Amino acid sequence: MKVLVIHGPNLNLLGAREKKIYGKITLSAINTDLAVLAKKHKIAIEFYQSNIEGEIVTEIQKAQKKFDYIILNPGAYTHYSIAIRDAISGVKARVIEVHLSNIHAREKFRRESIIAPVCIGQIAGFGRDSYRLALEYILAR
Ligand code: DQA
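Here the structure is a predicted model, which is why all the values come from computation and not from measurement.

Student: If you had to explain the overall build of the chain to someone new, which residues and values would you point to?
Tutor: Helices and strands together make up the secondary structure of the chain, namely five helices and five strands. Scanning the chain from its N terminus toward the C terminus, one meets helices and strands in the order β-α-α-β-α-β-α-β-β-α. Scaling as 2.2 N^0.38, a compact globule of 141 residues should have a C-alpha radius of gyration of about 14 Å, and the chain matches this with 14 Å. Over its C-alpha atoms, taken along the principal directions, the chain stretches across nearly 35 × 30 × 25 Å. Going through the 141 residues of the chain one by one, you find that 45% of them count as buried.

Student: Tell me about the pattern of salt bridges, and please be specific about residues and values.
Tutor: Under the criterion given, the structure shown has eight salt bridges. Linking K62 and E59 is a salt bridge whose minimum nitrogen-to-oxygen distance equals 3.5 Å. Taken together, the positions of K62 and E59, both in helix 3 (residues 53–66) and three residues apart, correspond to about one turn of that helix. According to the relative accessible area criterion, E59 is buried, its value standing at 15%.

Student: I'd like to hear about the packing of helix 3 against helix 4 (residues 82–90), residue by residue, with values.
Tutor: Packing of helix 3 against helix 4 brings their axes to within 9 Å, and their N-to-C directions diverge by 5 degrees. Classified by the interaxial angle, the pair formed by helix 3 and helix 4 is roughly parallel. The residues of helix 4 that touch helix 3, namely those facing E53, I56, V57 and I60, are A83, I84, A87 and I88. Taken together, the residues that form the contact of helix 3 with helix 4 break down as seven nonpolar, no polar and one charged.

Student: Kindly report on the sheet that holds strand 4 (residues 95–99), identifying the contributing residues and their values.
Tutor: Read across the open sheet, the five strands follow the order 2-1-3-4-5; overall the sheet is parallel. For this open sheet the edge positions go to strand 2 (44–49) and strand 5 (121–124), each flanked by a neighbour on one side alone. In this sheet, adjacent strand axes meet at a mean angle of 20 degrees when their direction is disregarded.

Rules behind the numbers
- Residues numbered from 1 in each chain as written.
- Predicted model: local features only at pLDDT ≥ 70, side-chain atom pairs only at ≥ 80, totals over all residues.
- Heavy atoms only, no water.
- Helix = DSSP H or I, 4+ residues; strand = E, 2+ residues; numbered from the N terminus.
- Rg over C-alpha atoms; globule rule 2.2 N^0.38 Å.
- Buried < 20%, exposed > 50% of the residue type's maximum accessible area, 1.4 Å probe, protein only.
- Salt bridge = Lys/Arg side-chain N within 4 Å of Asp/Glu carboxyl O.
- Axes fitted to C-alpha atoms, helices over the stretch in contact; angles between N-to-C directions.
- Parallel < 35°, antiparallel > 145°, perpendicular 65-115°, else oblique.
- Contact = heavy atoms within 4.5 Å.
- Nonpolar A, V, L, I, M, F, W, Y, C, P; charged D, E, K, R; others polar.
- Pairing = 2+ DSSP bridges.

Structural data, given as structure tokens:
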């Protein structure tokens, strides 16, 4: 079993960015949580972060051959990237969409995910645990 975690734009700023919404957790602490859990269950996990839509599209295309699942936080691209949505459906990637914040309880423009319909499911609002819960789902397969 191989899992790729993709973090979208501005998630590299976690820990410093809008702490009231996203908390003090850093991206590397989230990745460490997941790496520890993956190691415990003897599965391979890799991490990728990009602020650039096209790079995320390329990573999803490449991941198809190498990974069984993708845990994806598309950041703001959640709400408008048809290119990322098409990449997921185009290569039939098995993707779990995650968000730290509950996007459904925030501004109107964040309440719609155009990515969610091509994903297995969406986990939002549990902070760092959103990622852990996604990995727990994969571990239970
Ligand atoms: C986010 C929610 C998005 O609306 C926002 O643009 C982000 C982070 C989250 O994890 O809560 O960058 O994906």
